[in-house]
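Overview (structure and organization)
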Amino acid sequence: MTLQQKYNPAVIEPKWQEFWEKEGSFRTSEDRTKPKFYALIEFPYPSGEGLHVGHPRPYTALDIVSRKRRMEGYNVLFPMGWDAFGLPTENYAIKNKIHPRVVTERNIARFKQQLRSLGFSFDWSREVNTTDPDYFKWTQWIFLKLFEKGLAYKQEMPINWCPSCKIGLANEEVVNGSCERCGSGVEMRVKNQWMLKITAYAQRLIDDLELVDYIDRVKVQQRNWIGRSEGAEVDFAVVGTSRKLRVFTTRPDTLFGATYMVISPEHPLIEEFKDRISNYAELAAYREQAKRKSDFERAELTKDKTGVEIKGLSALNPVTGKEIPIWVSDYVLMTYGTGAIMAVPGHDERDWEFAKKFGLPIVEVVAGGDVEKEAYTDTESGIMVNSGFLNGLEVSEAKQKITAWLEEKGLGERKVNYKLRDWVFSRQRYWGEPIPLVHCEKCGWVPVPEDELPVLLPEVENYEPTDTGESPLANIREWVETTCPKCGGPGERETDTMPQWAGSSWYFLRYTDPRNDEELASKENLDYWLPVDWYNGGMEHTTLHLLYSRFWHKFLYDLGVVSYPEPYKKRTSHGMILGENNEKMSKSRGNVVNPDEIVAEYGADTLRLYEMFIGDFEKSVPWSTDGVRGCRRFLERFWRLQEIAVPGESYSAELETNFHKTIKKVSQDYENLKFNTAIAAMMTLLNDISDVARITHAELKTLLILLNPVAPHITEEMWVNMGFPGYVHEQAWPKWDPDKVVDETVNIAVQVNGRVRGEITVSLTDPVERARELAMANPNIQRFTAGKTIVKEIYVPGKIYNIVVK
RNA sequence: GCCGGGGUGGCGGAAUCGGCAGACGCUACGGACUUAAAAUCCGUUGGGCAUUUGUGCUCGUGCGGGUUCAAGUCCCGCCCCCGGCACCA
């Protein structure tokens, strides 16, 4: 055909976007006979900044997979929504005296328009929004179920407090002692907070990683974060009292080497025996000092241990029967184990340092090191010494024996501990889901009845966070004051709201049945669609969102709401896109690239292609404007294939193998996050076609289908331009013939003594004799073999021919 | 400190059941087209040496050893970078 128009994405892209929308091309079908495929990307927080070039990277990746799956005959669910509660919106609203709902609506509209301009095949009819009362009704419902099962409880506890955001933070939100969001230093504050008992699921969260296909670093990080450790709890008698001091240790085998004990400054023992302690004032002062430090500061001062001996109290080592002192030090944390330890300075670095500093005895109980120089911490193979009935055993055997002994004598027991802490679920904020509970003087905490959900946020003109740390909702008396659902007496609503992680912990369930007002989603839909087949998201969500949503899912599984214990079958992760200067993109660094500008100047297909071609999908990579231009150039050249298209419903002889190879490569690479090499393969093929200067209709069709998932607009346009029947997105994914992916003849290298000295053209079936004959015809080979004897020949068909001479 | 991942041209990156290192793209340089420029097209582009200009030799994948006909790839010992965890007993 003769080509009239130039490639003009500004015209064809909006045209196709409207077409797909109007036709409902990517609407998920109700056809349950097809195999299903549920692709999920993390729904964005619609910030005021608008879309960032980092957003389209994972979206395009799974858009590619989704589009390919549709062409392979799957019923695909590829939805999108908004994680729209959150601090920036609230802060902006407070500052500008606008209701956060209005800000949210505006931000969503902007995001949506930007996403549409990129041509993603989302089924927009299933859009969800965590701030929509019809949605958070079910977030509240799940909370009530957790409350009902005793997994939500309110507790007075020291929390991480961000003085700038005026908000309590979960451990996971504290990064190096600073607020993850705003970066200011975190303080400890005691507050009465709602907690979720994620620790009850710790073991299952580890075990069920076996059921899923997550990239390794995600599994590793989850295990690491949950931090399982096996050991024993042991009771030490406090001399002269009936009180026992219980410790947790992973090294019960070293019990004979426990020469003193250390308790955390917050440990109740101090108050209990206030009267017997002769230096109470000193201890109280130490405790005050420790209180002022955050956990982070405590941890920072690793090198210099501090502590005070409790005078007037001592303990008995249960195996040696020796009286040992009890110390207080802030290197022991109240929040882990029992808040008390047995110190074995010979075999624990921290205890060793402490013992050296305060002149406490060090006893060697595992042979192999020099405990006067440093703690010897070999954990498995060392031999026990100075340890009574454990002498001569290996560490691992000694662990077994002593634990059995302790259990038999009633002095202790086997114990597993986890670093994972319960989830601080309260936020003292307005813009979040209200916690649907009422406090009644008489009945305590009473759930709002299910049929009264959702508990809506009160409509107010404006509000401010409070310095006391109370939620702004506390000031809105007409909302707070209510009646107790149980006794009908006066009650007060809970004024804390839920954290942002609440709504995102179950959103993927809602997509399966987004308008259901009877249930969070119908069982039928949940059973058909779940688990999510492929979930891609950022590594930064591994210990937060991913763990939380797995926890909620398991809880819903226990309730019978969902039928599979894990929500996501496969999890992958993308790398960040950095600024052109190789630094993280940020406004303050002035290196932010706005996707709107790229779409306006080069088109959405170029942006998509570039973001996939830019480099290894899993790694961070700097933005390059020149790279974008190169991708646009490729699409221009691709567009001009129309000029050299010739009729023909088969592959041409000269390109046939090439096409089969490319189909194979592209098909496989799209599945393995290797979008960059898939695109490179298509570029190579385009170069080869340009050399031939001709492309048959059959070839062009195949190529259009292969490129379609990456560049959907240009391929649809060219398909129609060529007068091919139907539309690209309705075509079947091309197949490759395994017999046709190998070249009949190949050039292989000929080596002499392992060095390449020439090249021969052989067929795969040629015997070594043929290779030798061809090789020896080469003057350069002759030069290197002349006058020498051949001692060995290595011939690997299709790979190499190596002659070893002497 | 512990646990992951990684170190390859000027740049982003290919190639790891051991088999021609640098695919593909960018940049740069040269040429064509143009009054000129842009765009486009063609060619060159890891270093060094030689060259009859066809090419040949040689060094080269963080460093030092090793295995092998053959090592970016495997083994041993180091260095550095990125991410996570970190006084968790």
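Placed above this text is the structure.
Residues numbered from 1 in each chain as written. Chains lettered and ligands numbered in written order. Predicted model: local features only at pLDDT ≥ 70, side-chain atom pairs only at ≥ 80, totals over all residues. Heavy atoms only, no water.

Helix and strand content of chain A: 25 helices and 34 strands. Once the C-alpha set of chain A is aligned to its principal axes, its extents read approximately 100 × 85 × 50 Å. Out of the 806 residues in chain A, the part that is buried amounts to 55%. Summarising the internal contacts of chain A: among those between residues at least 6 apart in sequence, 72% fall at separations of at least 24. Within the structure as shown, chain A displays about 34,700 Å² of accessible surface, and the carbon and sulfur contribution to it stands at 49%. Between the averaged position of the 101 positive side-chain charges in chain A and that of its 118 negative side-chain charges there is a distance of 3 Å. (Helix = DSSP H or I, 4+ residues; strand = E, 2+ residues; numbered from the N terminus. Buried < 20%, exposed > 50% of the residue type's maximum accessible area, 1.4 Å probe, protein only. Contact = heavy atoms within 4.5 Å. Areas by Shrake-Rupley, 256 points an atom, 1.4 Å probe, with all protein chains shown as cover. Lys, Arg positive; Asp, Glu negative; His and termini not counted. Charge placed at Lys NZ, Arg CZ, Asp CG, Glu CD.)

Here we take up the side chain of threonine 249. Within the secondary structure, threonine 249 is located in strand S12 (residues 244–249). Discounting residues that sit within four places of it in the chain, threonine 249 has contacts with Gly231, Ala232, Val234 and Met342.

Summarising the element assignment, asparagine 802 is placed in strand S34 (residues 800–805). A polar contact is formed between the side chain of asparagine 802 and the backbone nitrogen of glycine 754, at a distance of 3.2 Å. If sequence neighbours within four positions are ignored, asparagine 802 has contacts with Gln751, Val752, Asn753, Gly754, Lys792, Glu793 and Ile794. (Polar contact = N/O pair within 3.5 Å; in protein donor to acceptor, adjacent residues only side chain to side chain.)

As a further point, take a negative patch on the surface. Taken together, the side chains of Asp132, Asp134, Asp517, Glu518 and Glu519 make up a negatively charged region of the molecular surface. Structurally, aspartate 132 is set in the loop between strand S4 (128–129) and helix H5 (133–148). When its relative accessible area of 32% is taken as the criterion, aspartate 132 is described as partly exposed. (Patch = residues over 30% accessible without salt bridge, like charges linked within 9 Å, V, L, I, M, F, W, Y side chains within 5 Å. Salt bridge = Lys/Arg side-chain N within 4 Å of Asp/Glu carboxyl O.)

This paragraph deals with the protein's contact with RNA strand B. Close contacts around RNA strand B come from 58 residues, with Thr250, Lys305, Tyr336, Arg350 and Asn802 the closest. Backbone atoms, meaning sugar and phosphate, form 65% of the atoms of RNA strand B found within 4 Å of the protein. Contact distances for RNA strand B include 3.1 Å between a sugar or linking oxygen and a side-chain N or O atom of threonine 249. Note that a base nitrogen of RNA strand B is positioned 2.8 Å from one of the side-chain N or O atoms of glutamate 759. Per element, the largest residue contribution to the surface near RNA strand B is six residues, and it comes from helix H21 (residues 675–692). Here the surface near RNA strand B is composed, by residue class, of 22 nonpolar, 17 polar and 19 charged. (Near = heavy atom within 4 Å. Nonpolar A, V, L, I, M, F, W, Y, C, P; charged D, E, K, R; others polar.)

What follows is about H21. An ideal rise of 1.5 Å per residue puts 26 Å on 18 residues; H21 measures up with 26 Å between its terminal C-alpha atoms. Three or more residues of H21 are buried, namely Phe675, Asn676, Ala678, Ile679, Ala681, Met682, Met683, Leu685, Leu686 and Ile689. Along its buried surface, H21 packs onto helix H2 (56–71), helix H18 (604–613), helix H19 (625–639), helix H20 (656–671), strand S30 (695–696) and helix H22 (697–707). Alanine 693 lies just past H21 and shows a positive phi near 65 degrees. (Expected span 1.5 Å × (residues − 1).)

As enumerated under the stated definition, the model contains 51 aromatic pairs in all. Here the aromatic rings of tyrosine 535 and tyrosine 568 are separated by 4.4 Å at their centres, their planes lie at 40 degrees, and the arrangement is tilted. Of this pair, tyrosine 535 sits in strand S25 (residues 534–537) while tyrosine 568 is found in the loop between helix H16 (545–559) and strand S26 (570–573), placing the two residues 33 residues apart along the sequence. As far as the burial class goes, tyrosine 535 and tyrosine 568 line up, both buried. Each ring, one from tyrosine 670 and one from phenylalanine 675, has its centre 6.3 Å from the other, and the planes form 35 degrees; the classification is tilted. In this pair, the class of tyrosine 670 matches that of phenylalanine 675, namely buried. Pairwise contacts between aromatic rings join Phe143, Phe147, Trp194, Tyr201, Trp423, Phe425, Trp445, Trp501, Tyr548, Phe551 and Trp552 into one cluster. (Phe/Tyr/Trp six-rings, centres within 6.5 Å; stacked < 30°, edge-to-face > 60°.)

With an omega of 0 degrees, the peptide bond running from leucine 453 to proline 454 counts as cis. With respect to the helices, strands and loops of the structure, proline 454 is situated in the loop between strand S22 (444–447) and helix H13 (477–480). Here the amide bond leading from leucine 530 into proline 531 is cis, since omega sits at -5 degrees, within 30 degrees of zero. Its location among the elements puts proline 531 in the loop between helix H15 (523–529) and S25. Of note in this structure, asparagine 582 is not a glycine but carries a positive phi near 70 degrees. Structurally, asparagine 582 is set in the loop between strand S27 (577–578) and helix H17 (595–602). Phi is positive for leucine 673, which is not a glycine, with a value near 60 degrees. Inspection of the secondary structure puts leucine 673 in the loop between H20 and H21.

Without other data, these values stay purely geometric and don't point to any function.
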